[in-house]
Amino acid sequence: LVEQFSESDRNRAPNGKGESSTNDAAIQEGANPFSNAKRTAELELHLRQALEGNKRTEKLRESLDQAHKMNEQLQAKFEEMKAKNAKMVAEKVAARGRSKESGTDPTAAPPPQSGDKSMSPHSSSSSLRRSISSSDPAVEKLQRDYRRARKEVSAAVLSKDQAKLKQERAEKERDTLLKTNARLLQQSSTKDDMNAQSLSNILHLQQKKKELEKEKVILLQKTKAAEQLGIAARLASNARDKVGEELLKEKEALDEKVKQKQGECQQIRAEKDAMQCELAKAKEALTSVSEDLAVARKRCDDLVSEGNAKEQGRKSMMESLAVLRKEASESAKLASASGCTEHGGGDGSFTMEQMQTQVKYLSSRVTCPVCNVREKNVILLRCRHMFCQQCVDVNIKNRSRKCPACAQRFDMKDVAEIWL
């Protein structure tokens, strides 16, 4: 990937200035949307490649972290092996001290016997080792542990060197990837700026296009309005001509009517003069008649006042006559009642006329005074007058809630039933 990008950069390097100038010219003149889309796709491809390079660098960083952790583990193992080696050396020194204390030096050769005078120094050292190994198994065990520890230490050192080499190689690759990533990011940023500028130019051109379309629509509306105004002006001129002709005809008709009205006015003036003369005569007659009417009204008022006085006197006399008649009838009834009681109950002492008058009197006391047919079964609590239910309902329905006898107003709660 790094080699591909470096080759593409080297191929683009000679034509960099020309491409930038052509791009600026294209942006200034309004680039083709398809070329901008192609350029955007290329930039997106480069961006994806740069992101993949970033992912690879992240993986390399993770591998470096793992190498560091492995190195630390190996270092810890190495330290542990060192500690074990020191412990083994200490144990060996302690074993030698114990052997010295016991009187046998493991390093010194045993005393030669009579049969071994012709033995070589190598055989003596081997015999010494055999004697040490046969004498102390703990020393042999320590030697085995020491050899195994030395092997592990050498393996650890070898793996550490390999890890260091891997780490250095990974750091070199990381540096190269970081450089290429920075270059790619810079290129992508410049391309993003160019893309943003081209998009802004496209948006500006689209906005201008919309404004031109709006202006076109407005101009079309204005042309339509102008055509409509022209049609309206032609119609108005035609209507004005027609109205002028009609006005001329109406003017001629009005002139004729004015002439007729002037003749009629002259006739009316003559009639007015005659009527004014007649009105003056009628006014004179009216004044004389009004004077006679005032005298007659005065006489009528006097006669009316006299008639009212006589009518009031007649009413008072009639009322007094009715009272006297009532008193006379009551006195006659009382006299007849007293006469009957004096004659001892009077079997057949009442005459037919007396019986009829008494029945009429009693029936008049029991029957309703409005209809004179039904019996009294309702009383008005305000004035204590009694009537039948039907007559009271008729007054309530007609909204004339006044007593038929005294004309006093009553309410629904003032109506109560009675039983005679």
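Because the structure is a prediction, the values reported are computed rather than measured.

Section: the overall build of the protein
- Summing up its helical and strand segments, the protein has seven helices and three strands in all.
- Counting helices and strands in the order they occur from the N terminus, the protein gives α-α-α-α-α-α-β-β-α-β.
- Out of the 420 residues belonging to the protein, those deemed buried represent 15%.
- Across the protein, the fraction of contacts at a sequence separation of at least 24, relative to all contacts at a separation of at least 6, is 54%.

Considerations on the sheet that holds strand β2 (residues 386-387)
- Here three strands make up an open sheet; going across it, the order is β2-β1-β3 and the pairing antiparallel. Each having just a single partner strand, β2 and β3 (415-417) make up the two edges of the open sheet.

Re the pattern of salt bridges
- Taken as a whole and judged by the stated rule, the model has four salt bridges.
- One salt bridge in this structure joins Glu-58 and Arg-61, with 3.2 Å as the shortest N-O distance. Here Glu-58 and its partner Arg-61 are both found in helix α3 (residues 33-102), three residues apart, which amounts to about one turn of the helix.
- Residue classification places Arg-61 among the partly exposed positions, given a relative accessible area of 35%.
- Close ionic contact of Arg-401 with Asp-411 constitutes a salt bridge, the shortest N to O distance being 3.6 Å. Of this pair, Arg-401 sits in the loop between α7 (389-397) and β3 while Asp-411 sits in the loop between α7 and β3, placing them 10 residues apart in sequence.

Remarks on unusual backbone geometry
- A positive phi angle, near 55°, is found at Asn-372, a position not held by glycine.
- Its location among the elements puts Asn-372 in the loop between α6 (352-366) and β1 (378-380).

Focus: the confidence of the model for the protein
- For the protein, per-residue confidence averages 76 on the pLDDT scale, and 77% of positions sit at 70 or higher.
- Here residues 104-125 scores under 50 on pLDDT; set against residues more than four positions off or in separate chains, the count is 11 contacts.

Quick notes on a negative patch on the surface
- A surface patch of negative charge is lined by Asp-241, Glu-245, Glu-246 and Glu-250.
- Mapping Glu-245 onto the fold places it in helix α5 (residues 137-342).

Quick look at the nonpolar core
- Grouped together as the largest cluster of nonpolar side chains are 11 residues: Cys-368, Val-378, Leu-380, Cys-383, Phe-387, Cys-388, Cys-391, Val-392, Ile-396, Cys-403 and Phe-410.
- Those elements giving two or more residues to this core turn out to be β1 and α7.
- Here this core takes three residues from α7, the largest share from any one element.
- If near-sequence neighbours (up to four positions away) are discounted, Cys-403 is found in contact with Leu-380, Cys-383, His-385, Phe-387, Gln-408 and Phe-410.

With respect to the environment of Ile-418
- Secondary-structure assignment places Ile-418 in the segment after β3.
- Each C-alpha atom, one on Ile-418 and one on Val-378, is 5.5 Å from the other, the two residues being 40 residues apart in sequence.
- Filtering out sequence-adjacent residues up to four positions away, Ile-418 remains in contact with Lys-376, Asn-377, Val-378, Ile-379 and Met-386.

A short note on the environment of Ser-188
- Tracing the chain through its elements places Ser-188 in helix α5.
- As for Ser-188 and Leu-43, which are separated by 145 residues in sequence, their C-alpha atoms are 6.6 Å apart.

Topic: α7
- All of the buried residues in α7 are Cys-391, Val-392, Asn-395 and Ile-396. Viewed along the axis of α7, the buried residues span an arc of 140°, placing them on a single side of the element.
- Buried residues in α7 make contact with β1, β2 and β3.
- Of the residues flanking the end of α7, it is Arg-399, one or two places downstream, whose phi is positive at about 60°.

Section: the state of the cysteines
- Scanning the entire structure with this criterion turns up zero disulfides.
- Cysteine Cys-403 shares no disulfide, and the gap to the nearest cysteine sulfur, in Cys-383, comes to 3.5 Å.
- Of all cysteine sulfurs, the one in Cys-403 lies closest to Cys-406, which takes part in no disulfide; the gap is 3.7 Å.
- On the basis of relative accessibility, which here comes to 36%, the residue Cys-406 falls in the partly exposed class.

Here is what the cut-offs are and how they apply
- Along each chain, numbering runs from 1 in the same order as the chain's sequence is written.
- Given that the model is predicted, a residue must reach a pLDDT of at least 70 before its local features are reported, and side-chain atom pairs must reach 80 or more before they are shown or counted; all residues, however, enter totals for whole chains, interfaces and linings.
- Excluded from the side-chain calculations are hydrogens and water; all other atoms, namely the structure's heavy atoms, are used.
- Strands are runs of DSSP state E lasting at least 2 residues, helices are runs of H or I lasting at least 4, and numbering of each runs from the N terminus.
- Using a 1.4 Å probe on the protein chains alone, a residue whose accessible area is under 20% of its type maximum counts as buried, one over 50% counts as exposed, and one in between counts as partly exposed.
- Two residues qualify as a contact provided that any one of their heavy atoms is within 4.5 Å of a heavy atom in the partner residue.
- A pair of strands counts as paired when DSSP detects no fewer than two bridges linking them.
- The rule for a salt bridge is simple: a side-chain nitrogen of Lys or Arg has to be within 4 Å of a carboxyl oxygen of Asp or Glu.
- On a range of 0 to 100, pLDDT expresses the predictor's confidence in each residue.
- Surface patches are defined over residues having more than 30% relative accessible area and no salt bridge, joining like charges when they lie within 9 Å and nonpolar side chains (Val, Leu, Ile, Met, Phe, Trp, Tyr) when within 5 Å.
- Exposure was quantified through the Shrake-Rupley algorithm and a 1.4 Å probe, taking into account, for residues, occlusion by the shown protein chains and nothing else.
- Only four residue types enter the tally: Lys and Arg on the positive side, Asp and Glu on the negative side; His and the chain ends are excluded.
- Note that the charge is assigned to NZ on lysines, CZ on arginines, CG on aspartates and CD on glutamates.
- Throughout this description, the term nonpolar core refers to a set of buried Ala, Val, Leu, Ile, Met, Phe, Trp, Tyr and Cys residues connected via side-chain atoms within 4.5 Å.
- As used here, the arc is the angular range of directions from the helix axis to the C-beta atoms.
- The rule for a disulfide is simple: a pair of cysteine sulfur atoms within 2.5 Å.

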